[in-house]
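# Structural overview
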Amino acid sequence: VEHTSDSIIDIAVRYFAGKEDPHRKAHAYYCKGRVLSDLDFSEEALDAYLKAKEFVQETTDYPLQARICNHLGTLYWKNFDKLNSLKNYKEAYQAYLQCQDTIGLVSVLRNIGDGMLALTRLDSASFYLNQAWELAEQGNVYSQKPYVLSSLGNLYKQETNYDKALVFYNKSLLYLEEGALIHSWFYTIGSLYEKL
């Protein structure tokens, strides 16, 4: 369901704000952040996620803490604050470790690797992306494999190793079920063939 306003979640936030239950407060603010992100209200979403993060730290709900930090990382990334993005992704990683969430770990390792790639820290990017791939293989995290492979392709493309980049882009296609991403993969692969 596409969100059109945050008025309904505001009711929940106001209700739980008056209660002495940090878990419910954290969850309400997290939901508010998700809605505001969907509505492209970045600053308001950031405020909601930061409040959620403050309250969730009073709990032992590591899955919620991981999701909050992961979304904060993505929001900071979209707003070109790469250092805060990486900081929150690393906090999400620690929380995913606590709750042993393999899918979350693969996803956040890829996010960290992509962040390192954007900062042109290629050795670090390689470390995190290869770690994400190994974990995806071990845990058979099928849903994350095309994204990790594509990120590895981006790494080799940035290193101007176009042959190897092409191998990873082609592998990523094998794991794609279907959807809009397939068009960007074909475009990227097409542009690599032109360079070869």
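Residues numbered from 1 in each chain as written. Predicted model: local features only at pLDDT ≥ 70, side-chain atom pairs only at ≥ 80, totals over all residues. Heavy atoms only, no water.

## Points about the confidence of the model for the protein chain
So the rule is basically this: A residue's pLDDT is simply how confident the predictor is in it, with values from 0 to 100. Here a helix means four or more residues in a row that DSSP labels H or I, a strand means two or more in a row labelled E, and each is numbered from the N terminus.
Looking at the protein chain, the pLDDT average stands at 87 and 85% of residues meet or exceed 70. No element of the protein chain has a lower mean pLDDT than helix α10 (residues 181–195), which averages 54, and none a higher one than helix α7 (residues 122–138), which averages 96.

## Details of the side chain of K53
Our working rule: Here, residues are in contact when the closest pair of their heavy atoms is within 4.5 Å.
Here K53 is to be found in helix α3 (residues 42–56). Beyond its immediate chain neighbours, meaning those up to four positions away, K53 contacts I68, C69, L72, K87, N88 and E91.

## Structural notes on the pattern of salt bridges
Filter applied, for reference: Note on definitions: salt bridges are taken to be side-chain nitrogens of Lys or Arg within 4 Å of carboxyl oxygens of Asp or Glu. Categorising residues by exposure relies on relative accessible area from a 1.4 Å probe, with only protein chains included: less than 20% of the type maximum marks a residue as buried, more than 50% marks it as exposed, and the intermediate range marks it as partly exposed.
Scanning the model with the defined rule gives 4 salt bridges in all. The shortest N-O distance in the salt bridge between R110 and D114 comes to 3.3 Å. Taken together, the residues R110 and D114, both in helix α6 (residues 102–118) and 4 residues apart, mark about one turn of the helix. Residue R110 is classed as buried on the basis of its relative accessible area of 16%. Of the charged contacts, one joins K145 and E137 as a salt bridge, the two residues approaching to 2.9 Å between their closest N and O atoms. Residue classification places K145 among the buried positions, given a relative accessible area of 4%. In this structure E137 comes out as partly exposed when scored by relative accessible area, which is 40%. In the salt-bridge network here, residues are joined through shared partners; they are K53, K87 and E91.

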